[in-house]
Amino acid sequence: MNILMLSSTFPYPATRGGTQVRTFNLLDYLSRRHTVTMVTQREADVSDMDIFNLREHVDNLVVFDRPHTGSGGAVGKVKRFGTFIARSTPPSVLNRYSPQMQSWIDDFVEAGKCDVITCEHSVNEIYIRPHFQEKVKTVVNVHSSVYGSCLNQLETGISENKLRDRLNLPLLRRYEQEYCKKFSDIVVTTEEDKIQLLKFKPNAQIPVIPNGVDLVSFPYRTSDPGGRRIVFVGAMDNLANIDAVCFFCNEVLPEIQKLYPGTTFDIVGSRPTKEVMELKNKPGVNVTGRVPSMAEYLHQATVCVVTMRTGFGIKNKTLEAMAAGTPVVGSNRGLEGLACDLPNVPLRAIRANQPDEYIKAISQIFDKPQLRAELSHNAREYVEKEFTWESAGKQYEEIVGAGYTTN
């Protein structure tokens, strides 16, 4: 097949974030078997070497500059909200829209140079013209429902701007419902997102293709480090991650340190915000910023916490910790899409949502080497069986190529 893949976030290196991890690994799989053209955008932190390295994984790489969008102050915000109402397209999508990129895509499709277009993350749906379906197969790979995420932030009380999000919620519902109509196929990462999107397109066949893990980059640990070292990994400019570490530092860690003096908490991830950096002032907290190897920090940790209170979809951070053999304590959101603590399956992670539940779970892991060994072994075995990028790529290829025949 000739596949056109669209990603307004630059998907290399794959350690940039959850969206980029999924995009890169599916791109890498498809490009081994098909002719793939990747159209993406370059942000300020994308180096020439990043572009050079990505070219090694794709037949044709087309890179546009990320559009510059000034804040415009209060007037700008009102204008963007007015556009949202009129066009049903949220500012987060419009801010990444490039007319030059649109023109290139239009010409490519009209010239008949591809059999299928995939939008890696729904933010790229803006480049799909409704009439494209008459010419090519169109696939949207929904990493998470924007409506579902906004609703969850309001329900959990972590919204940055509750008034704005209450106004946005019905608009996001309309937006998601409308853009789904442009696609031949919709792919999601979890059953929760499938249920959400079926409300917008009831008769659709929506396959669930979970994320995977690069088992080479996240090898199984060689020994149990013991100790009292807790870790959280993830991009630290992400709202859900910021909330997760602030919640843990403020409501859980101090109580753990009363029980286990000397307990440390490593916050490992790129682009920490000012709010995250200020957490370094708390006893035992270390904010690393971007590191060469997430796996190294996971291997050194006694336990990895995934204290997410919002954010839909399977969390790469959870899968990576499980692959590394680090015992995981996670919330409902952190363990979404995973069978970790059901009655008829081996215990693969411990679920916690409230501070006292985290305290109990972490205490058990600190005190019981056998429990650490059980969680470590079961989690790695589960990931090896169910969550490899090879498996995800094969499933995605089946969706992308369904109905395709050679001339």
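Before reading on, note that the structure itself is shown above.
Residues numbered from 1 in each chain as written. Predicted model: local features only at pLDDT ≥ 70, side-chain atom pairs only at ≥ 80, totals over all residues. Heavy atoms only, no water.

1. Describing the overall build of the chain
And step 1. A tally of helices and strands in the chain yields 16 helices and 12 strands.
And step 2. Seen through its principal axes, the chain has C-alpha atoms that stretch 65 × 50 × 45 Å.
And step 3. Here the contacts in the chain between residues at least 6 apart in sequence split such that 69% fall between residues at least 24 apart.
And step 4. Carbon and sulfur atoms form 49% of the exposed surface of the chain, whose accessible area is close to 17,800 Å².
And step 5. Of the charged side chains in the chain, 47 are positive and 47 negative; the average position of the first set lies 4 Å away from that of the second. (Helix = DSSP H or I, 4+ residues; strand = E, 2+ residues; numbered from the N terminus. Contact = heavy atoms within 4.5 Å. Areas by Shrake-Rupley, 256 points an atom, 1.4 Å probe, with all protein chains shown as cover. Lys, Arg positive; Asp, Glu negative; His and termini not counted. Charge placed at Lys NZ, Arg CZ, Asp CG, Glu CD.)

2. Concerning the layout of surface pockets
And step 1. Computed from the structure, the second largest pocket encloses a volume of approximately 280 Å³.
And step 2. Taken together, 14 residues form the lining of the second largest pocket, with Thr89, Glu125, Ile126, Ile128 and Lys182 sitting closest to its centre.
And step 3. With 3 residues, the single largest contributor to the lining of the second largest pocket is helix α7 (residues 162–180).
And step 4. Of the residues that constitute the lining of the second largest pocket, the class distribution is 6 nonpolar, 3 polar and 5 charged. (1 Å grid on protein atoms, 1.4 Å probe; cavity = no way out; pocket = protein on both sides within 12 Å on 5 of 7 lines; lining within 4 Å. Points joined across faces, edges and corners; volume = space filled by probe spheres on them. Nonpolar A, V, L, I, M, F, W, Y, C, P; charged D, E, K, R; others polar.)

3. Notes on the side chain of Asn241
And step 1. Among the structural elements, Asn241 can be located in helix α9 (residues 239–251).
And step 2. Given the relative accessible area of 4%, Asn241 is considered buried.
And step 3. There is a polar contact of 2.8 Å between the side chain of Asn241 and the backbone oxygen of Ala235.
And step 4. Setting aside residues up to four positions removed in sequence, Asn241 forms contacts with Phe232, Gly234, Ala235, Met236, Met308 and Lys317. (Buried < 20%, exposed > 50% of the residue type's maximum accessible area, 1.4 Å probe, protein only. Polar contact = N/O pair within 3.5 Å; in protein donor to acceptor, adjacent residues only side chain to side chain.)

4. Some points on the packing of aromatic side chains
And step 1. Under the definition given, this model contains 10 aromatic pairs.
And step 2. Here the aromatic rings of Tyr147 and Phe200 are separated by 6.0 Å at their centres, their planes lie at 70°, and the arrangement is edge-to-face. Separated by 53 residues along the polypeptide, Tyr147 in helix α6 (residues 146–156) and Phe200 in the loop between α8 (191–198) and β7 (229–233) bring together distant segments of the chain.
And step 3. You can call Tyr147 buried: its relative accessible area is 11%.
And step 4. Overall, Phe200 belongs to the buried group, its relative accessible area being 6%.
And step 5. Where Phe247 meets Tyr358, the ring centres are 5.9 Å apart and the plane angle is 65°; that geometry is what we call edge-to-face. (Phe/Tyr/Trp six-rings, centres within 6.5 Å; stacked < 30°, edge-to-face > 60°.)

5. Structural notes on helix α5 (residues 99–110)
And step 1. Spanning 12 residues, α5 covers 16 Å between terminal C-alpha atoms, matching the ideal 16 Å at 1.5 Å per step.
And step 2. The elements touched by buried residues of α5 are β1 (2–7), β2 (35–42), β3 (60–65) and β4 (116–120). (Expected span 1.5 Å × (residues − 1).)

6. Topic: the nonpolar core
Inside soluble globular proteins, nonpolar side chains tend to come together where they are buried.
And step 1. Ile230, Phe265, Ile267, Val329 and Ile362 are the most contacted members of the largest nonpolar core, which totals 62 residues.
And step 2. Of all the elements, α9 adds the most residues to this core, at 8 residues.
And step 3. Sequence-distant contacts of Ile362, that is, excluding residues within four places in its chain, are made with Ile230, Phe248, Ile256, Val303, Val305 and Val329. (Core = buried A, V, L, I, M, F, W, Y, C linked by side-chain atoms within 4.5 Å.)

Purely spatial values, then, with no claim about function.
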